[in-house]
Amino acid sequence: MSSSDGPGPDDRTHVPVMQRRVLELLTPVLGTEGAVFVDGTLGLAGHTLALLTACPGSRVIGLDRDPEALARAERRLAPVADRVTLVEAVYDELPEVLDRLGQPRVQAVLLDLGLSSLQIDSTERGFAYAVDAPLDMRMDGHQPLTAATVVNTYPAGELARVLRTYGEERFADRIARAIVAEREVAPFTTSARLVETLTRAIPAAARRTGGHPAKRTFQALRIEVNHELAALERVLPAAVDALAVGGRIAVLAYHSLEDRMVKRVLAAASTDTAPPHLPVVPESMRAELRLLTRGAEKADAQEIQENPRSSSARLRAAERIKEAA
């Protein structure tokens, strides 16, 4: 089905990861008429549709860098179109988007990081290592960098750095050397040959544990191509700044690199900055946020069984309790 043929069955039936808990966390601040929330990673709009349904007086500003996702989300949200503003943008453009819309403060921000179901299921875009497809991995079609460019042009040392840093791949050097040697025979164009190459580079004993041998490499390439961690580093403080007092942020992360970054930002903003010896903490040094989750919450066993993609999800949330000093 092409993107112009209307919503596919997955658009209507897919239940977003940890939807019930996201609703529990965000609906308390969206019950007033005119409350605005930002879905910074709109995807197929599952979370957004659930929030708009639960909070009929609320409005959403939905961001996504993928124009196909925006088109399908627009059709799915057609019944509540009067409460929806969709913007093609990377989520770290949040301050510019809110400024352009004249919406300096919002009541909630939701970030569901990583790949959307649309991107995972669109095999021709090369995100899935289980299907042979062009080595693209772009979340939008505008940027010049593709996964093929990375594997065919990066020097071995730089390629190993990407795999080690973004994929936490312990065999990064071996894989990088194998890729460089193989591309001298012929450039990589599709995922199957890359999977074969990196699988051979990983010791047999290691291939028997830890999931698919291509998982970490494909994660690293996707993050490099889309500059995901750099964008996340920029959006987290911007999202906190966008919250009105009493507003809430919820973030779903799917690997440790993302989750550590979310944890660091929320923990810093929820900690008083006064020296420990002061008997009274000055107002200007009090924390801006109150954590709503104890550590990172995970999907329960039933959800993981029904939706295996939720198994790696880590949810953190916080509430703004004061303006920045």
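In this text, all values refer to a predicted model and were calculated from it rather than measured experimentally. (Residues numbered from 1 in each chain as written. Predicted model: local features only at pLDDT ≥ 70, side-chain atom pairs only at ≥ 80, totals over all residues. Heavy atoms only, no water.)

Colleague: Explain the sheet that holds strand 7 (residues 314-320) to me, using residue names and the numbers behind them.
Modeller: An order of 3-2-1-4-5-7-6 is seen for the seven strands of this open sheet, with the pairing classed as mixed. With partners counted over all chains shown, the strands left at the sheet margins are strand 3 (84-88) and strand 6 (289-291), one partner each. With strand direction ignored, the average angle separating the axes of adjacent strands in the sheet is 15 degrees. In terms of strand pairing, strand 1 (residues 36-39) meets strand 2 (residues 59-64) through four bridges, oriented parallel. Looking across to strand 2, one finds that Val38 is bridged to Ile61. Against the sheet, helix 13 (residues 228-242) touches strand 4 (106-112), strand 5 (243-253), strand 6 and strand 7, its axis set at about 150 degrees to strand 5. (Pairing = 2+ DSSP bridges. Helix = DSSP H or I, 4+ residues; strand = E, 2+ residues; numbered from the N terminus. Axes fitted to C-alpha atoms, helices over the stretch in contact; angles between N-to-C directions. Contact = heavy atoms within 4.5 Å.)

Colleague: For helix 8 (residues 156-167), give the residues involved together with the corresponding values.
Modeller: Counting along an α-helix, one turn takes 3.6 residues, and residues three or four places apart therefore face a common direction. Here helix 8 spans 15 Å end to end across twelve residues, near enough to the 16 Å set by a 1.5 Å rise per residue. If you follow the buried residues of helix 8, they end up packed against helix 7 (147-153), helix 9 (172-185), helix 12 (215-226), helix 13 and helix 14 (256-269). In the segment just after helix 8, Glu168 is the residue with positive phi, at about 50 degrees. (Expected span 1.5 Å × (residues − 1).)

Colleague: Can you lay out the pattern of salt bridges for me, pointing to particular residues and giving the numbers?
Modeller: Under the criterion given, the structure shown has 18 salt bridges. Residue Glu68 is joined to Arg72 by a salt bridge in which the shortest nitrogen-to-oxygen separation is 3.7 Å. Here Glu68 and its partner Arg72 are both found in helix 4 (residues 67-76), four residues apart, which amounts to about one turn of the helix. On the accessibility criterion, Glu68 (23% relative accessible area) is partly exposed. Its relative accessible area of 13% is what places Arg72 among the buried residues. Note that Glu168 is salt-bridged to Arg260, the shortest N-O span being 3.1 Å. Here the residue Glu168 occupies a position in the loop between helix 8 and helix 9, and Arg260 occupies one in helix 14, the gap between them amounting to 92 residues. Glu168 sits in the partly exposed class, given a relative accessible area of 30%. In the salt-bridge network here, residues are joined through shared partners; they are Arg20, Arg21, Glu24 and Glu297. (Salt bridge = Lys/Arg side-chain N within 4 Å of Asp/Glu carboxyl O. Buried < 20%, exposed > 50% of the residue type's maximum accessible area, 1.4 Å probe, protein only.)

Colleague: Mind laying out unusual backbone geometry, listing which residues take part and the relevant values?
Modeller: In this structure, Glu168 is a non-glycine residue whose phi angle is positive, near 50 degrees. One non-glycine residue, His227, lies in positive phi territory at about 55 degrees. The residue His227 is located in the loop between helix 12 and helix 13 in this model. Classification of His227 by relative accessible area gives partly exposed; the value is 46%.

Colleague: Could you give me a rundown of the packing of helix 13 against helix 14, with the residues and numbers involved?
Modeller: Running from N to C, helix 13 and helix 14 point in directions that differ by 25 degrees, and their axes come no closer than 10 Å. One way to sum up the angle between helix 13 and helix 14 is to call them roughly parallel. Of the two possible hands of crossing, helix 13 and helix 14 adopt the one that is right-handed. Note on element contacts: helix 14 touches helix 13 through Leu257, Glu258, Met261, Val262, Val265 and Leu266, opposite Glu228, Leu229, Leu232, Glu233, Leu236, Pro237 and Val240. Looking at the contact of helix 13 with helix 14, its residues break down into ten nonpolar, no polar and three charged. (Parallel < 35°, antiparallel > 145°, perpendicular 65-115°, else oblique. Left-handed = near helix turned anticlockwise from the far one by under 90°. Nonpolar A, V, L, I, M, F, W, Y, C, P; charged D, E, K, R; others polar.)

Colleague: Pulling in residues and values, what's your account of the packing of helix 9 against helix 10 (residues 191-201)?
Modeller: Helix 10 packs onto helix 9 with a crossing angle of 130 degrees between their chain directions and a minimal axis gap of 9 Å. On the basis of the axis angle, helix 9 is oblique to helix 10. Viewed along their axes, helix 9 and helix 10 form a crossing whose handedness is right-handed. Touching Arg174, Ile175, Ala178, Ile179, Glu182 and Arg183 of helix 9 are Arg193, Leu194, Thr197, Leu198, Arg200 and Ala201, all from helix 10. For the contact of helix 9 with helix 10, a count of residues per class yields six nonpolar, one polar and five charged.

That is the geometry; function is a separate question.
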